[in-house]
Amino acid sequence: MTRQKHLTKVLHVSPEMAPLSKVGGLGDVTGSLPKALQRLGLNVRVLTPAWPGALEKASRKGLTPRLEHHHLALALGSRATEGRLWSTVLSGVHTYLLEQEELFCDPAIYPSSLDAETIRPFAFLALAALELAAKTGWEPDILHVHDWAAALVPVFSRWHRYWGDRPGKGATVLTIHNLAHQGIVEAEVIEQWHLKPEAFQLEGLEYYGKVNCLKGGILASDAVTTVSPTYAREIMTHEFGSGLEGLLSSVKDKVSGILNGIDPDDWNPTKDPSIPCTFGPDDTSGKADCKRALLSRFEWPDDGRPVLSFVGRLFHQKGIDLLLGALPDLARHRVRLVVIGTGEKEYEDRLKEAARRFGKTLGLRLAYDEALARLAYAGSDIFLMPSAFEPCGLSQLIALRYGTIPVVRATGGLADTIVDTDENSEGYGFVFKEFSASALLEAVYRAIKAYRNTKRWRNILERSMRQDFSWTRSAQTYQTLYESLRRNKRARPGKNPAEDERWDRP
Ligand code: GLC
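Not measured: the values here are computed from a predicted model.

Draft legend 1. Layout of the state of the cysteines. Enumeration over the complete set of coordinates arrives at zero disulfides. Considering cysteine sulfurs only, C105 is the nearest to C213, which forms no disulfide, with 18 Å between them.

Draft legend 2. Structural context of the side chain of H69. Mapped onto the elements of the fold, H69 is located in strand β3 (residues 66-76). Looking at H69, its side chain comes within polar contact range of the main-chain oxygen of K135, at 3.2 Å. Setting aside chain neighbours within four positions, we find H69 in contact with G83, R84, L85, K135 and T136.

Draft legend 3. Looking closely at empty space enclosed by the protein. Summed over the entire model, instances satisfying the criterion amount to one cavity of 30 Å³ or more. Here the largest cavity is characterised by a volume of approximately 40 Å³. Lining the largest cavity we find I262, L397, L400, R401, S464, M465, Q467 and F469. Elements with a minimum of two residues in the lining of the largest cavity: α12 (395-401) and α15 (454-466). Among the elements that line the lining of the largest cavity, the one with the most residues is α12, at three residues. Here the residues of the lining of the largest cavity sort into five nonpolar, two polar and one charged.

Draft legend 4. Focus on the environment of A223. On the secondary structure map, A223 appears in strand β11 (residues 223-226). Judged by its relative accessible area of 4%, A223 is buried. In the structure, A223 is positioned 212 residues away from L11 in sequence and 15 Å away in space, judged by C-alpha atoms. Look past the residues within four positions of A223 in its chain and what remains in contact with it is T172, V173, L174, K254, L481 and L485.

Draft legend 5. Broad picture of the sheet that holds strand β15 (residues 362-365). Strand order in the open sheet formed by six strands is β15-β14-β13-β16-β17-β18, and the pairing between neighbours is parallel. Of all the strands in the sheet, the pair left with one neighbour each is β15 and β18 (430-432). In this sheet, neighbouring strand axes are inclined to one another by 20 degrees on average, regardless of whether the strands run parallel or antiparallel. Across two bridges, strand β13 (residues 307-311) lies against strand β16 (residues 382-385) in parallel orientation. Counted as the bridge partner of L308 is I382 from β16. Strands β13, β14 (336-340), β15 and β16 of the sheet are contacted by helix α11 (residues 370-379), whose axis makes an angle of about 140 degrees with β13.

Draft legend 6. Highlighting the pairing of strand β5 (residues 93-99). Burial of β5 is extensive: seven of the seven residues sit out of reach of the surface. Side chains V93, T95, L97 and E99 project from β5 onto one buried face, and the interleaved H94, Y96 and L98 project onto a second face that is buried too. Relative to β5, strand β2 (residues 43-49) runs parallel, the two being bridged by five bridges. Bridge assignment links L47 to a residue of β5, and that residue is Y96. Relative to β5, strand β4 (residues 79-90) runs antiparallel, the two being bridged by seven bridges. From the neighbouring strand, L85 faces β5, where its bridge partner is L98. Between the antiparallel neighbours β4 and β5 lie two residues, among them S91 with a positive phi of about 45 degrees.

Cut-off values and rules
Residues numbered from 1 in each chain as written. Predicted model: local features only at pLDDT ≥ 70, side-chain atom pairs only at ≥ 80, totals over all residues. Heavy atoms only, no water. Disulfide = S-S within 2.5 Å. Helix = DSSP H or I, 4+ residues; strand = E, 2+ residues; numbered from the N terminus. Polar contact = N/O pair within 3.5 Å; in protein donor to acceptor, adjacent residues only side chain to side chain. Contact = heavy atoms within 4.5 Å. 1 Å grid on protein atoms, 1.4 Å probe; cavity = no way out; pocket = protein on both sides within 12 Å on 5 of 7 lines; lining within 4 Å. Points joined across faces, edges and corners; volume = space filled by probe spheres on them. Nonpolar A, V, L, I, M, F, W, Y, C, P; charged D, E, K, R; others polar. Buried < 20%, exposed > 50% of the residue type's maximum accessible area, 1.4 Å probe, protein only. Pairing = 2+ DSSP bridges. Axes fitted to C-alpha atoms, helices over the stretch in contact; angles between N-to-C directions.

Structure, rendered in structure tokens:
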């Protein structure tokens, strides 16, 4: 009899997963990384909440979710909360959708303020992740969780009175997609969670008298990753650490940066059905049609001006202040700028006002409009990402694929992915350092100068379209991390729960 090799089993736990739910880049990552890991031969599953409309969306896509468990009763506070577990296969990956109508009821996914009530969905998700193995018989070797909203998985896996340090449990990996969000809430919530007393200490969830989910997750996890090598270094500094720089430095041996990728099938200008004309690095002529289509959406003529675009959330992080500051000069330089996105009201209002003033320069669409975003990626010449900080950034990678040359600030994943073509003849972008409108403008002017030189621009464009930022390499790095954690686990099995104070599950 041949013995089958045990494939490493990985459960990803994420508050969002595209295309079923998405607020930002995290949804894209959990919608594409598991598929890439599975291609490497790992046995991967995903657990994510069924936010309003997610089950219907899955059905509409022909994914027909199957009910796996009617009664998933999990102890939050003094009573059990019941949920249902659905499963479907999304891009070849077994995906669990956790349904609980009262908890997963906010279409916005993340609450605007966190309190004992609004944090319950995320505690429930964490308990479900740990219960899943018992209920389905599929026991993951690795629990890979994303951001503060899933960080209670490692916390519970370490300090929960029932689940904490059980033998045979999986190793935990926490990926930080954005350190600015930590899940901080009043300390009382902890009474609902049935944790051992050591959970609420300096070496645990405690943070200035409150509970900090991300901090607890960082301490409880076996490994912490973030989404680019530069951001992994930046978060250990005062400027980028959001108050956790000291803690992250103290555990730096278990922190690493692994660059995100994009799904090259999903973002492919040679066959993207939503753009008017497809094109690729061997024949870029279709890009001009896309540019005309984009211009006509804003009732602009095709008069040879370069088209710049910004697609993203309208928050300080994304450098909207720099865009607004640069607008009067951009107007003088006779360029077009398309801005697509939603976000903070203050930025939306300021952009609306700017669009009234600079109507010939600024084309504004305040919406999450994927079709128009794709047209902007395909039909623009230059893509702007002047971020204050950027853990990885996916838009610049998409822009590269569509031959739209990125102008980026050298921070986080932007510094790791974009090479300045004035500094390196193999480069395919324009990079600036200082967080100021004038530094952004200087880089934009360099890009426009290159754009006016047809032959040079064509070379830059072709190089940009040939860059490979698919998941392949990063998925292998994750695989190496998983394997090493699995080996360590085998060498150091967990504690026997009988050694702990006894706790009966309610
Ligand atoms: C967050 C970060 C972004 C990153 C994405 C996916 O949205 O702000 O930089 O690309 O997560 O990891």
